[in-house]
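# Chain and residue survey
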Amino acid sequence: MGMSLASAAGSSCSSSGKQFEFEEATVDAIHLGFKNGSLTSTALVRFYLDQIARLNPLLHAVIEVNPEDALEQAARADAERSASRGRCAVGLHGIPVLLKDNIATRDRLNTTAGSLALLGSVVRRDAGVVTRLRRAGAVILGKANPSEWSNFRPVNSGWSARGGQTLNPYVLSASPCGSSAGPGVAAAANMAAVTLGSETDGSILCPSSRNSVVGIKPTVGLTSRSGVIPIMPLQDTIGPMCRTVSDAVYVLDVIVGYDEFDAEATGAASKYIPQGGYTQFLRIHGLRGKRIGVPDVFFEGYDDMQMAVYEKHLDTMRQQGTVVIKDLDIATNFTDLYEQETLLMAAEFKLSINAYLSDLLHSPVRSLAQVIAFNEAHPVEERLKDFGQPDLIAAEKTNGIGTRERAAIQRLKEISTNGLEKLMKEHQLDAIVAPNSDASSVLAVGGHPGIAVPAGYDGQGVPFAICFGGLKGYEPRLIEIAYAFEQATKVRRPPSFKR
C-alpha cells in the first residue's frame, strides 16, 4: 500500500510555473507557496479534502468536514492576501486546521466528543481557541475523531460511535492511542496542515508519540477551555498536534491568551506568555546550556533497542551542549496518584459536563444522567456490551466537591510539589525527559506543560517519542529544547500504512 496511497493525489498547483509540494508541507512552505504564487488556500483546502476522502475510509481519523464553509473561508483568505499584496501571509492565515471533536464551532459542524448523544446539539459560540483561529484567518476544515467522551467512557483508543475506530497510519494494527487519536493520525497522514487536540492526562502526548507527530500540551490555562467539552477543569488543556515543532509553535502562538469565558484559568496563566510570542524560541542552538534531568522511573520496562535509541538521543543532547543529569529520583509516592485523580475526575466531570450541556442552545441531552440513559437506549451503536459506561455511572453518583474531593485536590498538589517541582528546583532543571507519554500524570496533576517529539520506530515500525516536560510557564525553554532536538535528529518520516 505504502507510497501509492500517499502520492496518488500528486502535487501540482501552479499558476506561476512553480510546483508546490503538498506532501508533508509545513506552515513555512505553505507561506512561501502563497508568496511565490505556486499555491492558494483554495488549492490547499482541496488537497486536504481529497486526502481525507481517500484516506479516511481506511484511517477513520476525521468525523466530518464542511467543504462549502472551508472553501469559502479559503477563498476569503486568498482575496485578503491578494488585496494586501501578500502582507497577511503570516501565522495561520489561509491555513486549514482540523479540530478534535470536543472543540465547539458555531457553524454547520457538529461538536459531539464522538458521542451520538450530542449529534445535532447547537453551541452558543465558537470555543475560545476557535475564535482565535478565525481571527488569525485560519480555515476550519473539520472535526477529528476522539476516543469517545475523551476516553471518559473507557473505550478502545481512538474509537467513537460517530467516527468508528481510528487506525495508526504507520502500522494499522497498532494502537493510535487516545483520546486525541484523530488529530494525531490526521496530522501524521497529511490530512490537514495542523490539528488541535486536548489533554487531561496523556491525551495529546500519547497519540503524538504513537503517530510520530509533535504534540504540545500547554500549561493549564495558557489556552482557553471555553466551549470545549470538559473532563476535569483542573487539568484540561488544549494544544497543537503537527508534523514539526515549528508548525506546532505557530499554532500555539495563535491560540494562547485570556478569554473572558475561561477567565480564572486564562487570567492566571497569561503572565507566562512571553512578549513577542513563542516563535522566537525556535532556536537551532536551543539545547546549549540547558539542564535536563532523566528520572529513572520513566525508563523502566523498555526493550534494549528502544533504550539504546534513548541513550543515543541523550548523547546528541550532550553534544549540543546540554547538561544531562541521569538517575534522578522523583522522590514522591505515586502509588495513590491514579486513585486520587480518578476520584476527583468523577466529581469534576459531572459538574463541568452538566454545566456544558445545560448551556447549549439546543441539545438532545441536557445532563450526564440523560447521556447515560441515551447510551442505554442505543446499546448497539454505542457498543455498550463491549465498553460499558462505568466512569459515566460513577461520575453520576458523585455530589460535587466534598470532603474527599478536597482531600484529593490537596494530595495531588502535594504529589506535584514534593515530586516534579522539588526535583526541578533542587537540580535547577530546564526540563525533565521521559519516553512517550510516561510523564503525563506527573505533568497533569500540577498543570505543567510537555512537548512530545518523534524519537524513533520500534521493530514493527510503530513510532515512539521523547517528551520534554517542565514547570508552569516553561514553554519557551521546552520549545528551544524540542526544536533543537528535532533539528539535530530529524527522526520523523511519513507513515507507511503497514498492514
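Each remark here, short or long, concerns the structure printed above.
What counts as what
All residue numbers refer to positions counted from 1 along the written sequence of the respective chain. Given that the model is predicted, a residue must reach a pLDDT of at least 70 before its local features are reported, and side-chain atom pairs must reach 80 or more before they are shown or counted; all residues, however, enter totals for whole chains, interfaces and linings. Heavy atoms from the whole structure form the basis of all side-chain values; hydrogens and water molecules are not counted. Runs of E in the DSSP output that reach at least two residues are strands. Runs of H or I that reach at least four are helices, and both are numbered from the N terminus. In what follows, a contact means two residues having at least one pair of non-hydrogen atoms within 4.5 Å. Here, a salt bridge means any side-chain nitrogen of Lys or Arg that lies within 4 Å of a carboxyl oxygen of Asp or Glu. Type-normalised accessible area, obtained with a 1.4 Å probe on protein chains alone, sets the label of each residue: buried when under 20%, exposed when over 50%, and partly exposed for intermediate values. Note on pairing: DSSP must find at least two bridges between two strands before they are called paired.

## Overview of the side chain of Ser-212
- Mapping Ser-212 onto the fold places it in the loop between α7 (205-210) and β7 (214-217).
- Among residues more than four places away in sequence, those in contact with Ser-212 are Tyr-170, Pro-454, Tyr-457, Pro-463 and Arg-492.

## Notes on the pattern of salt bridges
- Going through the model one piece at a time under the given rule, you end up with 21 salt bridges.
- The salt bridge involving Asp-78 is made with Arg-81; its shortest N-O contact spans 2.4 Å. Of this pair, Asp-78 and Arg-81 both sit in helix α4 (residues 67-83), three residues apart, roughly one helical turn. Here Asp-78 and Arg-81 have matching classes, each one buried.
- Residue Glu-382 is joined to Arg-153 by a salt bridge in which the shortest nitrogen-to-oxygen separation is 2.9 Å.

## Describing the environment of His-60
- Topologically, His-60 is positioned in the loop between α3 (41-59) and β1 (62-65).
- What makes His-60 partly exposed here is its relative accessible area of 29%.
- For the pair His-60 and Val-371, spaced 311 residues apart in the sequence, the C-alpha separation amounts to 24 Å.
- When residues no more than four places from it in sequence are discounted, the contact partners of His-60 are Asn-145, Gly-163, Gln-165 and Thr-166.

## Description of the pairing of β7
- The side-chain alternation of β7 yields two buried faces, one formed by Val-214 and Ile-216 and the other by Gly-215 and Lys-217.
- Pairing between β7 and strand β12 (residues 450-457): three bridges, direction antiparallel. Residue pairing in the sheet places Ile-216 in a bridge with Ile-451 of β12.

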